[in-house]
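Listed here are the chains, written in short residue letters.
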Amino acid sequence: MTSQPDMQNQSLHNANEFSVIQPAAMLGMLGGGQLGRFFVIAAHEMGYKVTVLDPDKNSPAGMIADVHLCAAYDDEAALKTMAETCAAISTEFENVPAETLATLAKSTIVHPSADAVAIAQHRIKEKTFFKEAGLPIGPFVAVTHESDLPEDGDMYPAVLKVARFGYDGKGQARVANQAEAKAAFQGFKQEVCVLEKMLALDLEVSVVLARDVHGNIAAFPTAENSHLNGILDVSIAPARCSEVIKANAQELAKKLATKLNYVGVLGVEFFVVGNQLLINEIAPRPHNSGHYTLDACITNQFEQQVRVITGQTLGNPNLHSNAVMVNILGDSWLYSGQQQEPAWNKAFAHGNLKMHLYGKHEPRKGRKMGHFTVIGEDAQAVLNAAKVARSELHIGE
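Because the structure is predicted, anything quoted here is derived from the model rather than measured.

Describe the side chain of Asp295, with residues and values.
Relative to the helices and strands, Asp295 is located in helix H9 (residues 293-296). Lys354 provides the closest opposite charge to the buried, salt-bridge-free Asp295, at an N-O distance of 5.2 Å. Leaving out residues up to four positions away in the same chain, Asp295 has contacts with His320, Lys354, His356, Thr373 and Ile375.

Which residues make up the sheet that holds strand S4 (residues 88-91), and what values go with them?
Reading across the sheet, the 5 strands line up as S3-S2-S1-S4-S5 and stay open at both edges, with parallel pairing between neighbours. Among the strands making up the open sheet, the edge pair consists of strand S3 (67-69) and strand S5 (109-110). Where S4 meets S5, 2 bridges bridge the pair, whose relative direction is parallel. What sits directly across from Ile89, in S5, is Val110. Against the sheet, helix H10 (residues 301-310) makes contact with strand S1 (26-30), S4 and S5, and its axis sits at roughly 140° relative to S4, the strand it touches most.

Which residues make up the confidence of the model for the protein, and what values go with them?
The pLDDT averaged across the protein works out to 93; a share of 94% of its residues lies at or above 70. For the stretch residues 1-15, pLDDT sits under 50, and the model shows 4 contacts to residues farther than four places along the chain or on other chains.

Any details on the packing of helix H4 (residues 98-105) against helix H5 (residues 114-121)? Residues and values, ideally.
Running from amino to carboxyl end, H4 crosses H5 at an angle of 175°, the nearest separation of the two axes being 8 Å. For the element pair H4 / H5, the angle class is roughly antiparallel. For the pair formed by H4 and H5, the contact residues are Ala98, Leu101 and Ala102 on the first element and Ala114, Val117, Ala118 and Gln121 on the second. Residues that form the contact of H4 with H5 fall into these classes: 6 nonpolar, 1 polar and no charged.

Go over the state of the cysteines, please, and point to the residues and values.
Two cysteines joined by a covalent bond between their sulfur atoms form a disulfide. Evaluated as defined, the whole model comprises 0 disulfides. You can see Cys70 has no disulfide; the closest cysteine sulfur is in Cys86, sitting 16 Å from it. Left unpaired, Cys241 is separated from the closest cysteine sulfur, that of Cys297, by 16 Å. Take Cys241: its relative accessible area is 17%, and that puts it in the buried class.

How would you sum up the packing of aromatic side chains? Please name residues and give values.
In this structure the tally under the stated criterion is 5 aromatic pairs. With centroids separated by 5.8 Å and ring planes inclined at 90°, the aromatic side chains of Phe38 and Tyr358 adopt a geometry described as edge-to-face. Of this pair, Phe38 sits in helix H2 (residues 34-45) while Tyr358 sits in the loop between strand S17 (353-357) and strand S18 (368-376); the two residues are 320 residues apart in sequence, bridging distant segments of the chain. Each member of the pair, Phe38 as well as Tyr358, is classed as buried. Through pairs of rings, three or more aromatic residues link up here, namely Phe38, Phe302 and Tyr358.

I'd like a description of the side chain of His356, backed by residues and values.
Here His356 shows up in strand S17. In this structure the side chain of His356 is engaged in a polar contact, spanning 2.8 Å, whose partner is the side chain of Asp295.

Please provide a residue-by-residue account of the pairing of strand S14 (residues 264-273), values included.
Side chains on a regular strand alternate between the two faces of the sheet. Within S14, 9 of the 10 residues are buried, which leaves the element mostly enclosed by the surrounding structure. Direction of pairing for strand S10 (residues 203-211) relative to S14: antiparallel, over a ladder of 9 bridges. Within the sheet, the bridge partner assigned to Leu203 lies in S14 and is Val272. By the bridge criterion, 7 bridges tie S14 to strand S15 (residues 276-283) in an arrangement that is antiparallel. Within the sheet, the bridge partner assigned to Glu269 lies in S15 and is Glu281. If you look at the hairpin formed by S14 and S15, you'll find 2 residues sitting between the two strands, and Gly274 has a positive phi there, around 65°.

Could you give an account of the pattern of salt bridges, with specific residues and numbers?
For the structure shown, the criterion picks out 12 salt bridges. We note a salt bridge from Glu84 to Lys80, for which the minimum N-O separation is 2.6 Å. Taken together, the residues Glu84 and Lys80, both in helix H3 (residues 76-85) and 4 residues apart, mark about one turn of the helix. One exposure class covers both Glu84 and Lys80, and it is exposed. A salt bridge links Lys161 to Glu196; the nearest nitrogen and oxygen atoms lie 3.0 Å apart.

Thresholds applied
Residues numbered from 1 in each chain as written. Predicted model: local features only at pLDDT ≥ 70, side-chain atom pairs only at ≥ 80, totals over all residues. Heavy atoms only, no water. Helix = DSSP H or I, 4+ residues; strand = E, 2+ residues; numbered from the N terminus. Buried < 20%, exposed > 50% of the residue type's maximum accessible area, 1.4 Å probe, protein only. Lys, Arg positive; Asp, Glu negative; His and termini not counted. Salt bridge = Lys/Arg side-chain N within 4 Å of Asp/Glu carboxyl O. Contact = heavy atoms within 4.5 Å. Pairing = 2+ DSSP bridges. Axes fitted to C-alpha atoms, helices over the stretch in contact; angles between N-to-C directions. pLDDT = per-residue confidence, 0-100. Parallel < 35°, antiparallel > 145°, perpendicular 65-115°, else oblique. Nonpolar A, V, L, I, M, F, W, Y, C, P; charged D, E, K, R; others polar. Disulfide = S-S within 2.5 Å. Phe/Tyr/Trp six-rings, centres within 6.5 Å; stacked < 30°, edge-to-face > 60°. Polar contact = N/O pair within 3.5 Å; in protein donor to acceptor, adjacent residues only side chain to side chain.

See below:
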């Protein structure tokens with residue numbers, strides 16, 4: 001039973017969650033990558049200050065934050081400082097320990113919740129949640145022991161994924177049969193995994209949305225995504241699919257956020273198989289596929305993140321331009337076999353191209369160093385220009 005003092009503290013905390021935090025207040029960001037950097041930029045433009053917690057002294061967000069706490073995500077002193085100095089806290093990195101969010105939530109406003117992040121951090125919990133919520137998903141098998149791997153049959157070919165800490169194609173292996181699945185499971189040191197049946201995909205789409213403490217939802221237009229070597233390569237908004245599929249993706253994403261009682265910015269990825277939409281996974285934060293919102297929408301996903309945690313009204317998520325977003329990886333510096341700067345002048349020669357470099361100090365193969373977005377009225381012209389610029393920067397070579 002909760003003691004009376006605890007109940008009073010919880011009531012006070014709940015009341016604070018519904019109050020509006022005005023500009024000049026200090027906000028907290030767990031994670032110092034590019035998503036955190038864009039959050040800092042949005043917060044600064046809106047008049048807020050930001051404290052970033054990230055163990056990397058060269059973190060892109062930490063370099064421009066008002067305060068950079070260079071410490072581990074479970075560092076007690078750093079968490080105490082954040083709790084005492086930040087009016088509200090969010091995250092840009094789903095692998096921040098859920099316990100960290102729970103600890104901070106005892107004394108300050110934290111969105112999204114530790115419970116929601118814990119579900120997104122674990123693929124089996126995530127898929128089980130989808131299934132129990134009545135959301136459409138593809139066939140999967142939870143694998144805690146080698147004996148859980150199904151015999152050859154309808155589940156193959158499949159993808160074996162570690163249940164935790166896998167992203168951008170890491171911790172994943174394509175397997176054609178049980179023997180290959182067993183070998184992959186051994187390769188993952190028998191970590192808990194999920195086996196997902198490979199599907200005949202027609203398309204991959206995503207919806208990024210913001211949901212506030214009152215349950216209001218503002219969803220950005222459905223985007224079409226393509227991947228290269230397991231990493232998101234290109235996002236096209238609006239998606240080039242039927243209006244029915246786009247509308248269904250919006251409704252399913254909203255249903256998911258509501259079932260999860262989610263507060264914050266959420267990315268929802270879908271597989272399109274024929275006329276069927278299947279939820280692939282969620283990201284409890286702004287999403288790479290939503291970067292196009294920076295240049296093509298009235299409100300971008302990072303401004304929405306600031307609005308949610310400060311209790312401000314959600315912004316208008318509508319598109320004002322067609323958009324194609326292209327990721328820039330460290331490979332663009334290394335394509336010739338030796339490190340050299342990409343041909344930025346060729347990219348900047350496209351008048352409708354908006355460049356975003358993340359300030360990372362070292363390009364590495366597969367590392368996200370930036371992105372660009374081409375915007376305009378004519379969807380085909382926008383796509384053509386993005387393809388040309390992508391080639392000029394040696395992306396995908």
